[in-house]
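Survey of secondary and tertiary structure
Letter by letter, the chains look like this.
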Amino acid sequence: MQWFSAWFGGFAAFLYPSFGGHHRPASMDLRATPSGTRILIMALLELKNLHVALEDGTEIVKGVDLAVNTNETHAVMGPNGSGKSTLAYALMGHPAYEITEGELLLDGEDLTQMEADERAQRGLFLAFQYPHAVPGVTVTSFMRSAINSVRKAKAGGDDPIPIPEFRKELMAAMEQLKVPREMASRYLNEGFSGGEKKRVEILQMAMLKPRIAVLDETDSGLDIDALKIVAGGVKDLVGPNMGAIVITHYQRILNYIDPDFVHVFVGGRIVEEGGPELAHKLEAEGYEAFTPEVVK
Ligand code: ADP
Ligand code: MG
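About the criteria used
Residues numbered from 1 in each chain as written. Chains lettered and ligands numbered in written order. Predicted model: local features only at pLDDT ≥ 70, side-chain atom pairs only at ≥ 80, totals over all residues. Pairing = 2+ DSSP bridges. Helix = DSSP H or I, 4+ residues; strand = E, 2+ residues; numbered from the N terminus. Axes fitted to C-alpha atoms, helices over the stretch in contact; angles between N-to-C directions. Contact = placed C-beta atoms within 7 Å. Buried ≥ 20, exposed ≤ 12 C-beta atoms within 10 Å, placed from the backbone. Parallel < 35°, antiparallel > 145°, perpendicular 65-115°, else oblique. Left-handed = near helix turned anticlockwise from the far one by under 90°. Nonpolar A, V, L, I, M, F, W, Y, C, P; charged D, E, K, R; others polar. Near = placed C-beta within 6 Å.

1. Digging into the sheet that holds strand 8 (residues 124-127)
Strand order in the open sheet made by the six strands is 8-11-12-5-13-14, with mixed pairing throughout. Here the strands that pair on one side only, and so sit at the sheet edges, are strand 8 and strand 14 (269-274). Across this sheet, the average inter-strand angle for adjacent strands is 20°, counted without regard to direction. Strand direction decides the pairing type here: strand 11 (residues 212-216) and strand 12 (residues 243-248), joined by five bridges, are parallel. By the bridge assignment for strand 12, Val214 is matched with Ile245. Taken strand by strand, helix 9 (residues 276-285) contacts strand 5 (73-77), strand 13 (261-266) and strand 14, and its axis lies near 40° from that of strand 13.

Here it is, written out as structure tokens:
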């Protein structure tokens, strides 16, 4: 909860995708342009040999390489207990999950030593598997303070969004995501059903406009209608300004999202990678075919 509060507080400085919108030259991947010149391309988010351990030192994530750009949806699929949530929390800087080895880069900048709020400011967003309730903070006030902090950071000083403009934007997003109007005045996640929590998380994402969104098991506990709305929201938001990592145990949500890349995650490692066809193979064959013993 304390961590969540810090992270929530981090929205006080949440920044637009365009923050630091200087285009860094960069990185790892050499691609040829039509003219034949080779340019260096760096992925927006890069995990290099990332290892994550619990507080007692138990290593859960055992060397993950992953590169995610805007306009890309990556599915990370794995069985329960494989370390998917551990990976998600480590990306966001949860203090209980320590990155013990490897690199975590956003725009070439190392995030490993940064607090959760600093990572959020740089455009990382995590939709929790189990969202926390925030008593006393309404959905509306949460959204408004988040947006105002974005504006403050952009303007270099207080620049609160005019209330009518804010209401219009919020109402439009709520309408699109089919979040009932009365939810705007309820306390964030308090007494929300599973489906309501997930919709409101997608609403947060729509309003905050992160650069990389990590959705941890957003599909669990959702009926088909809610699932379609959430998936539609993700699909709408992934584009020139945002990339997404969709973490899931089930293939179900991927019927509505169409990932560009699928990474099979077993035993703290990515054991196979491919396109959307891999998700269908998983659905048909299960994870047994990918258990570490079989893989190596
Ligand atoms: P997944 O999300 O793939 O189901 P998790 O990352 O939640 O997997 O869990 C991976 C392993 O790490 C499990 O054995 C789980 O019990 C353990 N684990 C994760 N977080 C904690 C924690 N905070 N304290 C103790 N064990 C944890
Ligand atoms: Mg999990």
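Still more ground to cover, so stick around.
2. Quick look at helix 2 (residues 84-92)
Along an α-helix, residues three or four apart share an orientation, since each turn contains 3.6 residues. Helix 2 sits mainly inside the fold: nine of its nine residues count as buried. Considered for burial, the residues of helix 2 that qualify are Lys84, Ser85, Thr86, Leu87, Ala88, Tyr89, Ala90, Leu91 and Met92. The positive-phi residue at the C-terminal boundary of helix 2 is Gly93, with phi of around 90°.

3. Description of the packing of helix 6 (residues 194-208) against helix 7 (residues 224-237)
Helix 7 packs onto helix 6 with a crossing angle of 10° between their chain directions and a minimal axis gap of 10 Å. Between helix 6 and helix 7, the angle is such that the two are roughly parallel. The chirality of how helix 6 crosses helix 7 is left-handed. In this structure, helix 6 contributes Gly195, Lys198, Arg199, Ile202, Met205 and Ala206 to the contact, and helix 7 contributes Ala226, Ile229, Val230, Gly233, Val234 and Leu237. Tallied by class, the residues present in the contact of helix 6 with helix 7 amount to eight nonpolar, two polar and two charged.

4. Description of the packing of helix 5 (residues 163-176) against helix 6
Running from amino to carboxyl end, helix 5 crosses helix 6 at an angle of 135°, the nearest separation of the two axes being 10 Å. Considered as vectors, helix 5 and helix 6 are oriented oblique to each other. Where helix 5 crosses over helix 6, the handedness of that crossing is right-handed. Across the interface between the two elements, Leu170, Ala173 and Met174 from helix 5 touch Leu203, Ala206 and Met207 from helix 6. A class-by-class count of the residues in the contact of helix 5 with helix 6 yields six nonpolar, no polar and no charged.

5. A short note on unusual backbone geometry
In this structure, Asn71 is a non-glycine residue whose phi angle is positive, near 70°. Locating Asn71 in the fold gives a position in the loop between strand 4 (59-68) and strand 5. Even without being glycine, Asn189 reaches a positive phi, approximately 65°. As for its placement among the helices and strands, Asn189 is situated in the loop between strand 10 (187-188) and helix 6.

6. Here we look at the pairing of strand 14
Taken together, the five bridges between strand 13 and strand 14 define a ladder with antiparallel strand orientation. Paired with Phe265 across the two strands is Ile270, which belongs to strand 14. Between the antiparallel neighbours strand 13 and strand 14 lie two residues, among them Gly267 with a positive phi of about 60°.

7. Some thoughts on the site of ligand 1
All residues in the neighbourhood of ligand 1 are listed as Leu54, Ile60, Gly78, Asn80, Gly81, Ser82, Gly83, Lys84, Ser85, Thr86 and Ala96. If one sorts the elements of the shell around ligand 1 by residue count, helix 2 sits on top with three residues. Its residues assigned to classes, the shell around ligand 1 shows three nonpolar, seven polar and one charged.

Worth remembering: the numbers are spatial, not functional.
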